[in-house]
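# Structural features, examined
If you want the building blocks of each chain, they are given just below.
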Amino acid sequence: MDKNLFEKNFERALIAGQKRRYTEAIKILEDLAARGYADGGSPIGGKSGSSRSADQAHPEIYLYLARSWHAEGKFARSSYYLRSYINARPEDGSGWFFFGRSSLSQGYPERAVWALRKSLALNPDSIDTRALLGSAYLRCKRPSLALAVFEEALTLAPEDQRLNQGYLNALFVEAVRTYKRGEVDLARQMLTFLINREVDGVVPRLYLAHSLRDLGYLEEALGEYTNAGSFAPDDDSLIWFQISVYLEMGNTEEASRLMATLGEDAQEISPGLIGLRIVRSHLEKDSWAQATQAARTWIKQFGHSAQIHALMGEAYRNLGDIEKALNHFTRALEIEPRDQSPRYGILMVYLSAQDWGGLSRELDKALKAGLDRETIDYYQALCRANLDSDPASLLVDLQNEVRKRGAVPELLAALARTYFRLGMADLAIGWYQKVLDLQEDNEAAFLGYLACCEQEGNHRRLEAAYEQYLSRWDDNEVIRKEYVSYLEQHERWEIAADQIEILSAQGKVSNTDRQIAYFRRKAGQWRKAAILYRSMLKQKPDDRTLLSSLVYCLDRMGESDAALALMKSANRAFKADADSLLIEGRLCLRSGKEDDALKVFRAVVDTYPMDERGWEEIAALYDRRGVPEMAATFRQKARDNLVRKTKKPVKKR
């Protein structure tokens, strides 16, 4: 291989990358990899491929390709090239570092931790690796490990602002967890340290105030609640915390004054009522996690009550924790069996989870308990619509409910599903769109919308819907595979290859190189396809289909000489058949070597005289040379052989 050519072009690629001209860098690097510079030349060399020269291999091409694709936002493709580099240079920590970075960008923090730890083992002094590993631990919700990594890194680079910020972020998360574990004084110390380091705001001040209050430092807690309020002057819950502390201090006058500023009557003021008001205030602001924390604090101080458990049930329902929500609503019913309001909460939990079977069973209990008939009829209509009852008998009831209740997402989705089941996708799609306008994260409605687009046959809308869905729910393997099938059917080869790359990076499919290479070749992406075919040939050097595909790609890239050299090498290494000899001959022609081509085609007709293609190729060559008599002779030979092959044998009697 031409060493000077490699060095010249590789230098061009590095300069392009440094100047952020990544498209240019990718084109140069792909060209080098496709021509074999990354793995050291020909993938053919006996059945083991032993003629490849390891000292001529330049797998760093894969590393810089990966970095360029990462910069372009193609993280799945970046990961592929990084795996190729790691396979060639497993002892180089930089490959593992960039693989960890790519994994983190794709949303796989556990995989990133695994790769970054390998990188750190190979390069223990790397500050960048430690910083990224700390961030990956935070993304894995392991703040104590993140904290340890940042602390170690700071001993190596104490002035590094990025490390200091990562350390403070990890410490803050750990401080909150420490408080929730009940280690209140330690949490107080950590939070004080963070605030002194300018990690300040509503949440740090709020948890510091909670810690001080739990420790009995009421004056100090009051000051921190006031400080928290300065960051969020419109947050009434912070004033309620101040009121509750004043009550604990016995200062009812100041508590009453603050309540008056909120427009509240202070006649029946008590710590328990204030605590409930704090929980409600969080719920009103959709601060579900804070509501559960405030409710737990209330239970510690005042014990269990039906009301507080019902409020916790509502908070957990909105957090999506179905089990805890049901537990709290059920506990509320146990404490106060005559209060039916928690039953409505239970119905809402099943509705939020779209557990139609569970909702239907709960409706039977609710009916026996005496819940109002109108609510039960409404929920039953939703259950029937989603449990495949007869759609024709449902339609009128659902339409009436929509007229009565208006744009309720669950109701609109049920109506859309009913229209779809009645074969009216054109009507259903509009209703699904209304649901998505109200709840853009409603996955079930989006799946219904996708089904309508498919049934309508509007390809542009369907493709846009697939892209939009997968951008939001990228881990749905079934939908992505459906999309690949759709793209393949409509010959959208490049996008199909991109989608399989993503599936492969997610670990959802394996052994995809052949399919991706085929799609790339069909899309005319010769360099990308050639890189994949080379990689596969390293594992299966005697696979004629892979070889011919690689040769075809090289030829289409304008590398006819390289393609010819590869084909000759293969025909020497393995027993040549008619197909491989014909390819060699045609490549000779494309390289302007007519005499060599004629020799190869004559070898075809000598070895495979019944194959008319060899005779046809010689005839065409003589046509090019202006010798029509010879061309006619060989063309007749081809026709004679074709007749012999197609003529039915006469049965002997």
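Values in this document were obtained by computation on a predicted structure and should not be read as measured data.

Here we come to the pattern of salt bridges. By the definition in use, this model includes 48 salt bridges. With a shortest N-O distance of 3.4 Å, R181 and E174 are connected by a salt bridge. Between E456 and R461 there is a salt bridge whose closest N-O contact spans 3.0 Å. Taken together, the shared-partner salt bridges in this structure form one network comprising K74, R77, D498, E501 and R520.

Attention now moves to the packing of aromatic side chains. Scanning the model with the defined rule gives 25 aromatic pairs in all. Between F97 and F98, the ring centres sit 5.1 Å apart and the planes meet at 80°, which makes this aromatic pair edge-to-face. Judged by centre distance (5.7 Å) and plane angle (65°), the rings of F446 and Y469 are edge-to-face. Within this pair, whereas F446 is found in helix α25 (residues 443-456), its partner Y469 is found in helix α26 (residues 459-472), the two being separated by 23 residues in sequence. Comparing F446 with Y469 shows no difference in burial state: the two are buried. One aromatic cluster is present, built from ring pairs that chain together F6, F10, Y37 and Y64. In this structure, R405 is placed above the aromatic ring of Y378, and the distance from its NZ or CZ to the ring centre is 4.0 Å.

Okay, the layout of surface pockets next. In this structure, the largest pocket encloses a volume near 700 Å³. Along the wall of the largest pocket there are 27 residues; nearest its centre are Y80, N87, D513, S535 and Q539. Listing elements by their share of the lining of the largest pocket, those giving two or more residues are α4 (75-88), α29 (513-522) and α30 (526-539). Of the residues contributing to the lining of the largest pocket, the split by class is 11 nonpolar, 8 polar and 8 charged. The space that makes up the second largest pocket amounts to roughly 550 Å³. For the second largest pocket, the lining is made up of 24 residues, of which S352, Q354, E410, Q439 and N442 are closest to its centre. For the lining of the second largest pocket, the secondary-structure elements that each account for two or more residues are α17 (306-319), α19 (341-353), α23 (409-421) and α25. Taken together, the residues of the lining of the second largest pocket sort by class into 11 nonpolar, 8 polar and 5 charged.

So, on to a positive patch on the surface. A cluster of basic side chains, namely K141, R177, K180, R296, K300 and K324, defines a positive patch on the protein surface. Mapped by element, the contributors of at least two residues to the positive patch are α9 (161-180) and α16 (288-302). Locating K141 in the fold gives a position in the loop between α7 (127-139) and α8 (143-156). On the basis of relative accessible area, K141 is assigned to the exposed category, the value being 61%.

What follows covers helix α6 (residues 109-122). Along its 14 residues, α6 runs 20 Å from first to last C-alpha, staying within 8% of the 20 Å computed at 1.5 Å per residue. Those residues of α6 lying buried are P109, A112, V113, A115, L116, S119 and L120. The elements touched by buried residues of α6 are α5 (93-105) and α7.

Averaged over every residue, the pLDDT of the chain is 90; the share at 70 or more is 96%. Predicted confidence for residues 46-52 stays below pLDDT 50, and this span has 16 contacts to residues more than four positions away or in other chains.

Along the chain, D555 falls in helix α31 (residues 544-556). For D555, the side chain forms a polar contact with the side chain of S560, separated by 2.7 Å.

The terminal C-alpha atoms of helix α32 (residues 560-573) lie 20 Å apart, and with 14 residues this matches the ideal 20 Å at 1.5 Å per residue to within 8%. S560, A563, L564, L566, M567, S569, A570 and N571 are the residues of α32 that are buried. Residues of α32 that are buried sit in contact with α31 and α33 (578-590).

Now for the nonpolar core. Residues I61 and L359 are the most contacted members of the largest nonpolar core, which totals 206 residues. In terms of residues, this core owes the most to one element, α9, which gives 9 residues. The residues touching L359, leaving out its near neighbours within four places in the chain, are L347, Y350, L351, Y379 and C383.

With respect to the helices and strands, the residue P409 is situated in helix α23. The spacing of P409 and L262 is 147 residues in sequence and 34 Å in space, taken between C-alpha atoms. Residues contacting P409, with those up to four places away along its chain left out, are V435, L438 and Q439.

Once that is clear, we can look at empty space enclosed by the protein. For the structure on display, the rule yields 1 cavity of 30 Å³ or more. When contributions to the lining of the largest cavity are tallied by element, the ones reaching two or more residues are α4, α28 (493-505), α29 and α30. The element contributing the most residues to the lining of the largest cavity is α4, with 5 residues. Split into classes, the residues belonging to the lining of the largest cavity amount to 6 nonpolar, 1 polar and 6 charged.

Rules of the game
Going along each chain's sequence as written, the residues are numbered from 1 onward. With pLDDT at 70 or above as the cut-off, local features in this predicted model cover only qualifying residues; side-chain atom pairs require 80 or more to be listed or tallied, and sums for whole chains, interfaces and linings still use all residues. Note that water and hydrogens are dropped before the side-chain values are worked out from all heavy atoms of the structure. Each reported salt bridge corresponds to a side-chain nitrogen of Lys or Arg within 4 Å of a carboxyl oxygen of Asp or Glu. Centre distance within 6.5 Å is the pairing criterion for rings of Phe, Tyr and Trp, where only the six-membered ring of Trp is used; planes under 30 degrees apart are then read as stacked, over 60 as edge-to-face, and the remainder as tilted. Think of it this way: any DSSP run of H or I at least four residues long counts as a helix, any run of E at least two long counts as a strand, and we number them from the N terminus. We call a residue buried when its accessible area falls under 20% of the maximum for its residue type, exposed when it is over 50%, and partly exposed in between, using a 1.4 Å probe and counting protein chains only. We call a charge positioned above a ring when the Lys NZ or Arg CZ atom is no farther than 6 Å from the ring centre and deviates by at most 35 degrees from the ring normal. Lining residues are those with an atom within 4 Å of a point, where the points come from a 1 Å grid over the protein atoms alone and group into cavities, where a 1.4 Å probe fits but cannot get out, or pockets, open sets with protein on both sides within 12 Å along at least five of seven lines. Grid points are joined across faces, edges and corners, and a volume is the space filled by probe spheres set on the points. Gly falls in the polar group here, along with every residue not listed as nonpolar (Ala, Val, Leu, Ile, Met, Phe, Trp, Tyr, Cys, Pro) or charged (Asp, Glu, Lys, Arg). Note on patches: the residues involved have over 30% relative accessible area and no salt bridge, like charges join within 9 Å, and the nonpolar side chains Val, Leu, Ile, Met, Phe, Trp and Tyr join within 5 Å. For accessible areas, the Shrake-Rupley method is used with a probe of radius 1.4 Å. Any residue's cover is judged against the shown protein chains and nothing else. Charge assignment in this entry is limited to Lys and Arg as positive and Asp and Glu as negative, and neither His nor the chain termini are counted. In plain terms, the charge of a residue is placed at NZ if it is Lys, CZ if Arg, CG if Asp and CD if Glu. For a helix, the expected span equals 1.5 Å multiplied by the number of residues minus one. Contacts are assigned to residue pairs with any non-hydrogen atoms lying within 4.5 Å of each other. A residue's pLDDT is simply how confident the predictor is in it, with values from 0 to 100. By the criterion applied in these results, polar contacts are pairs of N or O atoms within 3.5 Å in which, for protein atoms, one can donate a hydrogen and the other can accept it, and in which residues neighboring in sequence qualify only through two side-chain atoms. Remark: nonpolar core denotes a set of buried residues (Ala, Val, Leu, Ile, Met, Phe, Trp, Tyr, Cys) joined through side-chain atoms within 4.5 Å.

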